[in-house]
Amino acid sequence: EGGAAAIVIFFDLPEPASASRPPPAKRAKAAEPTQVRIRHILLKHKDCKNRVDKARGGKVVTRSRAEAERILRKVFEECESDPKRRSALFGQRCRELSECTTCLRGGDLAGDLAWVAKGKMGANFDEAAFALQV
């Protein structure tokens, strides 16, 4: 099938609460989330239905699926290896590599798909996104 070679999903962890303010009251967690906030890096490969890199002037992508997966794995490992800088690293790599126009957004919004409701992107996407422990 065509589509993304791999999916890398990254969630920013909240900053520690200030000692001078009491923590806000917590809401009861839903048994299962109905939507998730997604930031992504899209790397296409030569077997995708649409091989055009829309973020970089419409060039046709020629990399293999294995090469796309290797690049994404390297980004994932880099972000995981430096928890204090992972958000900045993810944004930087997104702007450098992603072939989705969301990579052109500024600051921490690079690669942001916003809130995605279950069922909007398809079963395979839901399986990956909603199975993550956040």
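Bear in mind that the values here come from a model prediction, so they are computed numbers and not experimental data.

Description of helix 3 (residues 123-130)
Helical geometry: 3.6 residues make up each α-helical turn, so side chains three or four residues apart lie on a common side.
Working step 1: Along helix 3, the positions that sit buried rather than exposed are Phe125, Asp126, Ala129 and Phe130. Taken down its axis, helix 3 places every buried residue within 100° of arc, on the same side. Across from the buried face of helix 3, at angles greater than 90 degrees, the exposed residues are Ala123, Asn124 and Glu127.

Quick notes on the pattern of salt bridges
For side chains of opposite charge, pairing can occur when their charged atoms come near one another.
Working step 1: Taken as a whole and assessed by the stated rule, the structure comprises 7 salt bridges.
Working step 2: Across the pair aspartate 112 and arginine 37 runs a salt bridge, and its minimum N-O distance is 2.6 Å. Of this pair, aspartate 112 sits in strand 4 (residues 112-117) while arginine 37 sits in strand 1 (residues 35-39), and the two are 75 residues apart along the sequence.
Working step 3: Judged by its relative accessible area of 6%, aspartate 112 falls in the buried class.
Working step 4: Across the salt bridge formed by glutamate 96 and arginine 93, the nearest N and O atoms sit 3.2 Å from each other. With glutamate 96 and arginine 93 both in helix 2 (residues 86-97) and 3 residues apart, the pair spans about one turn of that helix.
Working step 5: Arginine 93 sits in the buried class, given a relative accessible area of 16%.
Working step 6: The network of salt bridges with shared partners includes Glu78, Arg93 and Glu96.

As for unusual backbone geometry
Working step 1: Phi at alanine 114 is positive, roughly 70°, even though this residue is not glycine.
Working step 2: With respect to the helices, strands and loops of the structure, alanine 114 is situated in strand 4.

Calculation notes
All residue numbers here refer to positions counted from 1 along the written sequence of the relevant chain. Whole-chain, interface and lining totals are the exception, using all residues; otherwise, since this is a predicted model, local features are given only for residues with pLDDT of at least 70 and side-chain atom pairs are given and counted only at 80 or more. Hydrogens and water molecules were not included; the side-chain quantities draw on all heavy atoms of the structure. A 1.4 Å probe rolled over the protein chains alone gives each residue an accessible area, and that area as a share of the maximum for its type sets the label: buried under 20%, exposed over 50%, partly exposed in between. Secondary structure elements follow DSSP: runs of H or I of four or more residues count as helices, runs of E of two or more count as strands, with numbering from the N terminus. Regarding the arc, it is the one traced by the directions from the helix axis to the C-beta atoms. By definition, a salt bridge exists where a carboxyl oxygen of Asp or Glu is found within 4 Å of a side-chain nitrogen of Lys or Arg.

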